[in-house]
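# Understanding the architecture of this molecule
What follows is the residue order along each chain.
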Amino acid sequence: MDSYSSLEPLSAVDPELAELIKNEHQRQASTIDLIASENHVSRAIRVAHSSLLTDKYAEGYPGRRYYSGCSVVDEVERVTVARAKVLFGAEHVNVQPHSGSQANFATYQALIKPGATIMGMDRSHGGHLTHGAEVNFSGRLFRVVTYGVDRETELIDYDAVRALARQHHPALIVAGASSYPRIIDFAAFSRIAKEVGALLMVDIAHIAGLIAGGTHPSPVPYADVVTGTTQKTLRGPRGGFILCTTALGSSIDSAVFPGSQGGPLMHVIAAKAVCFQQALQPAFRRYTEAIVANARVMAEELSGAGLRVVSGGTDNHLVLVDLGQLHITGKQAEIALERAGILANRNSIPYDTQPPLMAGGLRVGTPAITTRGFTPDDIRTLTGLICRVLRQPDSDQVRDEVRSVVAEMCVSHPLPESY
Ligand code: DSN
């Protein structure tokens, strides 16, 4: 708890909140996080994130603000943008979106009009809420056509995507997913978009870190706009960003501010700068290689134990498990694993027969445990524990035995406090 000495002033002013933050630290330290969209940030990122940059209003962009006193935050934002440009090889970058959803909202606003047709991946096949779900602004503002994966291979069928695009002539095609375990062929999406005269947006929220580290191909040469988040595989603060061509730069910037946001969160932008700086180091490439290697081992071990892994494996940071043959739902699996100290989330699988709240699958990801230094051998042990719980979700004995191995693993793989 040493590094939490920064809580001292807080504990004097607000002991209740200080206690809650300590409790969360304890919770994270004593459980294994397999939620594919989560990670643990470095201490350097936490320092930037908790800095007094939070005090500053800076509506506008560097050199063009609506407030005085912005000389320092102008530099902060310029540095952040410059690092992201190098990291992703992008012509233009906006680092102000508060989240991935905000980045997507601004991109739609910049590129298309309400009522236009968008084509995104079906949510139950791996797409995100903001790719056209009925309950989301994207499904309410636009006419939505969804594509999915092939029933047999569980891979994106690019011929089917092309046929759908030729039939519906979308103004915008959205590529990217939050639970698709395979490489996405951005060149194929680009060819389809060009063929039907659509713009191409790629949402790399989940795989931004893998792209930065060179372990997943980049969409930047192919897409009109790329949106992403910093908190997942990039191991940064919670927030969004947008990459685009110089030609689209001013439309994207206007759609973020004043189109859909007010003042940028300068402390978060500073933390994004630290995140990009860390991702530019050679060690980050090795980190992303380890994320993917760990996920592969997990998929192999799960399959070897007789579980069905969607699409037969993984190329990225996540594995999707079909729980059908175990006769449990994703919700039951999630609850049983949490009782044993392992956190994963229920997830629909392609052609799921369970409603989304129950879900027929479980999504497990390796970014956070790789940050904690888990090796392939640790993954083998961990996968054995997961299988035990999934096969006997109601057993208190299994829960207690697994919980105690999890506790040992957590002690030998502490949260990253010192780098
Ligand atoms: N909710 C995130 C995820 O878990 O994939 C995406 O926004």
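Anyway, here's the lowdown on the structure attached to this text. (Residues numbered from 1 in each chain as written. Predicted model: local features only at pLDDT ≥ 70, side-chain atom pairs only at ≥ 80, totals over all residues. Heavy atoms only, no water.)

### Looking at a nonpolar patch on the surface
On the surface, a nonpolar cluster with roughly 240 Å² of combined accessible area is contributed by Leu17, Leu20 and Ile21. With respect to the secondary-structure elements, Ile21 resides in helix H2 (residues 15–29). Overall, Ile21 belongs to the partly exposed group, its relative accessible area being 34%. (Patch = residues over 30% accessible without salt bridge, like charges linked within 9 Å, V, L, I, M, F, W, Y side chains within 5 Å. Areas by Shrake-Rupley, 256 points an atom, 1.4 Å probe, with all protein chains shown as cover. Salt bridge = Lys/Arg side-chain N within 4 Å of Asp/Glu carboxyl O. Helix = DSSP H or I, 4+ residues; strand = E, 2+ residues; numbered from the N terminus. Buried < 20%, exposed > 50% of the residue type's maximum accessible area, 1.4 Å probe, protein only.)

### Some thoughts on the site of the ligand
What surrounds the ligand is the set Ser37, His128, Ser178, His206 and Arg363. Between the ligand and Ser37 there is a distance of 2.7 Å, counted from an oxygen atom to a side-chain nitrogen or oxygen. With respect to the ligand, the side chain of Arg363 contributes an N or O atom lying 2.8 Å from an oxygen atom. Starting from 230 Å² of accessible surface for the ligand in isolation, the protein chains cover 61%. (Near = heavy atom within 4 Å. Polar contact = N/O pair within 3.5 Å; in protein donor to acceptor, adjacent residues only side chain to side chain.)

### Some details on the packing of helix H12 (residues 282–304) against helix H15 (residues 376–391)
Remark: H12 packs on H15, axes separated minimally by 9 Å, with the N-to-C direction vectors making an angle of 40 degrees. For the element pair H12 / H15, the angle class is oblique. Considering only the axes of H12 and H15, their crossing is right-handed. Here Asn294, Val297, Met298, Glu301 and Leu302 of H12 come into contact with H15, specifically with Pro376, Ile379, Arg380, Leu382, Thr383 and Cys387. Class assignment of the residues belonging to the contact of H12 with H15 gives a composition of seven nonpolar, two polar and two charged. (Axes fitted to C-alpha atoms, helices over the stretch in contact; angles between N-to-C directions. Parallel < 35°, antiparallel > 145°, perpendicular 65-115°, else oblique. Left-handed = near helix turned anticlockwise from the far one by under 90°. Contact = heavy atoms within 4.5 Å. Nonpolar A, V, L, I, M, F, W, Y, C, P; charged D, E, K, R; others polar.)

### Quick notes on the packing of helix H4 (residues 71–88) against helix H11 (residues 266–279)
The geometry of H4 relative to H11 is characterised by a closest axis approach of 9 Å and an angle of 35 degrees between their N-to-C directions. Crossing of H4 against H11: the hand is left-handed. Residues Val73, Val76, Glu77, Thr80, Arg83, Ala84, Leu87 and Phe88 of H4 pack against Met266, Ile269, Ala270, Lys272, Ala273, Val274, Phe276, Gln277 and Ala279 of H11. Grouping the amino acids of the contact of H4 with H11 by side-chain chemistry returns 12 nonpolar, two polar and three charged.

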